[in-house]
Amino acid sequence: MPSASRTYLVTGAASGIGEATAARLRAEGHTVIGADRTIEAAGVAIAADLATEQGRAELAARAREFAGGRLDAVIACAGLAHFTPDTLKVNYFGAVATLERLRPLLAAGTDPRAAVVASVAAVHPSDPAVVDAALAGDEAATTTAAQSAIDRGEGYLLYGSSKAAIARWVRRTAVTPDWAGAGIPLNAIGPGTVLTPMTEGMLADPATRQAVDTAVPMPLHGYARPEQVAPLLTWLTSPENTHVTGQLLFIDGGAEALLRPT
Ligand SMILES: NC(=O)c1ccc[n+]([C@@H]2O[C@H](COP(=O)([O-])OP(=O)(O)OC[C@H]3O[C@@H](n4cnc5c(N)ncnc54)[C@H](O)[C@@H]3O)[C@@H](O)[C@H]2O)c1
């Protein structure tokens, strides 16, 4: 049954999975406050660079203003896959800031829910020093550890590290009094390869495409379109989701099952 009109905040709303999710929610009659780095794209009302403290503070302040002090759901999609410390700044610290700083608005909402886009890369090899520093909430130490990985020629570990860390943060945070205790389900999803601007360049190059297909084998239906990922995010953040929390739900065409059969 479609739910009554709700107010959602979606980060990364200018492109890919965030854009498709915002479009689906609007088509269902909900109000979506879109956030992204700039407000150039249609449907984006808040410009906030989530790699920076200033941008994170801006997101919280503008969201409070636009939403009138209450939100029914937050969906954190903003992310990037660079071999730089920015991948941790946005995918981990930006996502945590989004969820933590908007939680008071959720607490004032109706059937409040939250979700973040992690990745099947959460089960790829990661750098424990980066993951531990992130989970300790130490952004400076995380940047130092990420730079060490880059200097060792292991910058490729940073994306998986950012996604493993955010999935673990979700798991430990979802069951606390602020979330489960306040009736707010909090989950992550783990997409496989999705056809968005993030992957366009990788898939255009035959050698990189081969590496992507080896790392993320998708026997069920192959690559996903962002419109095929959006329904999982919209369900997790709908009033219908009363008991799923703390989970990393893979939506990956079988990749995780193949990579971790036991
Ligand atoms: N495409 C895939 O195959 C895939 C797979 C698994 C997970 N993901 C994750 O899904 C999420 C969405 O990715 P997508 O594939 O839709 O990519 P995308 O590049 O199409 O969209 C990402 C959006 O995040 C925004 N963003 C990036 N850095 C930002 C910053 N500093 N501040 C604010 N916004 C910022 C971008 O401007 C963009 O609009 C990301 O977290 C990504 O890691 C993608």
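Under an unreviewed UniProt entry, the protein has the name SDR family oxidoreductase and belongs to Streptomyces ochraceiscleroticus. The UniProt entry for the protein carries the following comment under Sequence similarities (unreviewed entry): "Belongs to the short-chain dehydrogenases/reductases (SDR) family."

Turning to the pairing of strand 1 (residues 7-11), a few remarks are in order. Counting buried positions along strand 1 gives five out of five residues, so the element sits mostly inside the fold. Covered by surrounding structure in strand 1 are Thr7, Leu9 and Thr11 together with Tyr8 and Val10, the residues of both alternating faces. The pairing of strand 1 with strand 2 (residues 31-36) spans five bridges and is parallel. Residue pairing in the sheet places threonine 11 in a bridge with alanine 35 of strand 2. Since strand 1 and strand 2 lie parallel, the crossover through helix 1 (residues 16-27) that links them has a hand, and here it is right-handed. Where strand 1 meets strand 4 (residues 73-76), four bridges bridge the pair, whose relative direction is parallel. For threonine 11, the partnering residue across the bridge sits in strand 4 and is alanine 76.

A few words now on the site of the ligand. Near the ligand, the surroundings consist of 28 residues, among which Ser15, Asp36, Tyr159, Val194 and Thr196 are the closest. Aspartate 49 has a polar side-chain atom sitting 2.8 Å from a nitrogen atom of the ligand. For the ligand, an oxygen atom lies 2.9 Å from a polar atom in the side chain of lysine 163. Placement of the ligand is best described as lying within the largest pocket. Mapped onto the shell around the ligand, the elements with two or more residues apiece are helix 1, helix 6 (157-174) and helix 7 (197-204). Ranked by residues supplied to the shell around the ligand, first place goes to helix 7 with three residues. Of the residues assigned to the shell around the ligand, the class counts are 15 nonpolar, nine polar and four charged.

Let us now look at helix 3 (residues 86-107). Over its 22 residues, helix 3 runs 30 Å from end to end, which matches the ideal 32 Å to within 8%, given 1.5 Å per residue. Most of helix 3 sits out of view: 16 of its 22 residues are buried.

With that settled, the discussion passes to the layout of surface pockets. In this structure, the largest pocket occupies an estimated 1,300 Å³ of space. Taken together, 50 residues form the lining of the largest pocket, with Leu80, Ala81, Tyr159, Met198 and Met202 sitting closest to its centre. Breaking the lining of the largest pocket down by element, the ones donating at least two residues are helix 1, strand 2, helix 3, helix 6, helix 7 and helix 8 (206-215). Of the residues contributing to the lining of the largest pocket, the split by class is 30 nonpolar, 15 polar and five charged.

Secondary-structure assignment places asparagine 91 in helix 3. Only 3.1 Å separates the side chain of asparagine 91 from the side chain of serine 162, close enough to count as a polar contact. Excluding residues that lie within four positions of it along the chain, asparagine 91 makes contacts with Ala78, Gly79, Leu80, Tyr159, Ser162, Lys163 and Ile166.

The rules we used
Residues numbered from 1 in each chain as written. Predicted model: local features only at pLDDT ≥ 70, side-chain atom pairs only at ≥ 80, totals over all residues. Heavy atoms only, no water. UniProt positions renumbered as here; feature names shortened; annotations may be inferred. Buried < 20%, exposed > 50% of the residue type's maximum accessible area, 1.4 Å probe, protein only. Helix = DSSP H or I, 4+ residues; strand = E, 2+ residues; numbered from the N terminus. Pairing = 2+ DSSP bridges. Right-handed = clockwise from strand over helix to strand, strands pointing away. Near = heavy atom within 4 Å. Polar contact = N/O pair within 3.5 Å; in protein donor to acceptor, adjacent residues only side chain to side chain. 1 Å grid on protein atoms, 1.4 Å probe; cavity = no way out; pocket = protein on both sides within 12 Å on 5 of 7 lines; lining within 4 Å. Sits in = over half its atoms within 2 Å of the grid points. Nonpolar A, V, L, I, M, F, W, Y, C, P; charged D, E, K, R; others polar. Expected span 1.5 Å × (residues − 1). Points joined across faces, edges and corners; volume = space filled by probe spheres on them. Contact = heavy atoms within 4.5 Å.

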